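# Commentary on secondary and tertiary structure
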Amino acid sequence: MQSSQLFLLQTRAVAQRLLLEQWRQKRGLIFWAVFPSTMMLLFGLVYAHNASMRAGLDAAAAGILVGAALFFSCLGGTVAVIAAERERGTLHRLLTTPLHPAAYFLGVVIAQLLLALMQVVMLYSIALLIGAQYHGSVFLGGVILLLSVFSYVGMGFFLGARFARRSEEVVVALSAIGVPLLVLGGTFFPLEIMPQGMQNLAQINPMLHMNQAFKGVAAYGMGLHELRFELAFLVAFCGLSLALGVQSYRHLLDGNKSQ
Amino acid sequence: MTAVLEIQDIHKWFGSHHVLDGFSLRVEQGEVVGLLGPNGCGKSTVLKIVCKLLSLDAGEVLLMGQPLSELSYRARGLVGLCTQHSSLYPDLLPAENLHFFARLYGLSDQDRQHRVEELMNRFELENFANTRVGQLSGGWQQRLHLAVSLIHRPKLLVLDEPTSAVDLEARMDLWRLIEGLRDSGTTILLTSHHLAEAERLCSRVALMRSGKVLAAGSITELLARVPGQAVAKVQSADHEAILQRALDLGWQVRQHADQIRLLLPFTFNLREIVDALDGTQVSAVSVHPVTLEDAYLELVGGSP
């Protein structure tokens, strides 16, 4: 078998296995679906109750998808995958196979992309049902979501490989790091209502730029030109987080080899 | 003929600790070679180097005649590793675990299907075909782990204390399966704490201490290096009297902890031993033919 064929076969095997495991973990799957759906419904009810805030519903849908659903699904999911591989000793076992590290990395990315796609469909179905609208380019929105997923998976590899040694630590770490980032990223409240100091701090939060880019397209119909700064930031952050993720994953493999 | 594995004078340091100190070993096609030695003697380090999980500092390892250092990551397909802890995916079924690892090794769809069925059958896993791996007992998980190690038909199967984490019944089952593999010509390198395991499974044994091989050979060869036909284990409050009597009889004596071992030039029965030690304060005595444990104590000292 040629190297490229083997690489593809391995990538597919990793992605398939992760999706199958996710499917088998029914309780996890329920929380995976319930969390963003409940958030969407709650925000929908709040906006529907206040006619003056009706315009905010479209932005809320975009914010919940990028800022909450994909964050916990892709970043949290990746950290959990790495922690579980470590804990079960399967990471060590994988090192004894000819699995190419990049095939593993790509397999995780593909699995997370498919899960993200399902979340997009699920969440936007609910959002459209309760009256939200998508205004801009679907293609541009897709590119932003793709960059966001890559960024989250890269960060997931970084955090998982460097910090999360046990599955239990994943929830704590995600809450400790994630929730402040979500708040500062404008996921729950508009940036304008925050004090100036918080607004300044928020500018260095990559989630703010993911949120603003996707909200710009989905809620306000903005185009490439208007979002160039956000997109440039997102591309740079995506590159950085993937590089960090790959580097951390290599570090993890080397560490496991010498154990 | 090219050896499956040839380890030539390898050295490994962990900081200032010299873990492997000129370790050498040759494993021929179809052999089951056991590495025995006390904790920390370097057994697992050797296996990790062979599995490319650890680099060596000096010396050379040849796998199927090729230097390990020159083989790419794809050469990992030459070796199958089974450790004491079964590292499998608990939410997948047994066959799904096998299929997953088969894909990592690049088995074609048809070959993979055939191989998974063959191993499910050989390791009697069909009855648990619909049970998630996490719900299997430790023994059955280890069985599956062994099957996973063989999925890609490795040239060398490496077993790192494969039965030390399972109960006695499961151990006997695993021994039977490993014997089956041995009889079908699988080349195996195995470490174990159980001398009985090595005696039963191995065609050749290397006794290790402090990172080097102290003695190696077939079980018969190692047993022949014990200067006696049988061993009497004696417990007594008066060691001096026993030692003196043994010397008078021309028997060699070994002392390990509180136990005195008399190396007998012939196979005496228990009555004859008791008669020979008459007049000394013996509280318990037993006699048995020379075993690998005696050879180990003679050649290495201490417990494995």
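Here the structure is a predicted model, which is why all the values come from computation and not from measurement. (Residues numbered from 1 in each chain as written. Chains lettered and ligands numbered in written order. Predicted model: local features only at pLDDT ≥ 70, side-chain atom pairs only at ≥ 80, totals over all residues.)

### Regarding the overall build of chain A
Quick note on the threshold: What counts as a helix is a DSSP run of H or I of at least four residues, what counts as a strand is a run of E of at least two, and both are numbered from the N terminus. Radius of gyration: C-alpha atoms only; globule rule: 2.2 Å multiplied by the number of residues to the exponent 0.38. Whether a residue is buried, exposed or partly exposed is read from the other C-beta atoms within 10 Å of its own C-beta, which are placed from the backbone; 20 or more gives buried, 12 or fewer gives exposed, and intermediate counts give partly exposed. In this description, a residue-residue contact is defined by the distance between C-beta atoms placed from the backbone, which must lie within 7 Å.
Across its full length, chain A holds 10 helices and 0 strands. If you list the helices and strands of chain A from N to C, you get α-α-α-α-α-α-α-α-α-α. By the compact-globule yardstick of 18 Å for 259 residues, chain A fits well, its C-alpha radius of gyration being 19 Å. Taken across its 259 residues, chain A has 47% of its residues classed as buried. When contacts within chain A are restricted to residue pairs at least 6 apart in sequence, long-range pairs at least 24 apart make up 83% of them.

### A short note on the sheet that holds strand E13 (residues 259-264) of chain B
Residue and element names in this part refer to chain B. Inclusion rule: Here the rule is simple: two strands pair whenever DSSP picks up at least two bridges between them. Throughout, an axis means a line fitted to C-alpha atoms (over the contacting stretch in the case of helices), and angles, computed between N-to-C directions, take values from 0 to 180 degrees.
As summarised here, the arrangement of the 4 strands in space is E12-E13-E11-E14, forming an open sheet in which the pairing is antiparallel. Across the chains shown, the open sheet's two edge strands, defined by having one partner strand only, are strand E12 (252-256) and strand E14 (282-289). Adjacent strand axes in the sheet meet at a mean angle of 25° when their direction is disregarded. Sheet analysis places strand E11 (residues 230-236) next to E14, joined by 7 bridges and oriented antiparallel.

### Some points on the domain arrangement of chain B
Residue and element names in this part refer to chain B. Applicable threshold: Residue ranges labeled as domains rest on an automatic or database domain assignment. All amino acids are sorted into three groups, where Ala, Val, Leu, Ile, Met, Phe, Trp, Tyr, Cys and Pro are nonpolar, Asp, Glu, Lys and Arg are charged, and the leftover types, Gly among them, are polar.
Once the domains are mapped, chain B shows domain 1 (5-217) and domain 2 (224-299). Residue assignment for the side of domain 1 that touches domain 2 shows that the elements contributing at least two residues are helix H6 (195-201) and strand E10 (212-217). Of all the elements, H6 adds the most residues to the side of domain 1 that touches domain 2, at 3 residues. Split into classes, the residues belonging to the side of domain 1 that touches domain 2 amount to 6 nonpolar, no polar and 1 charged.

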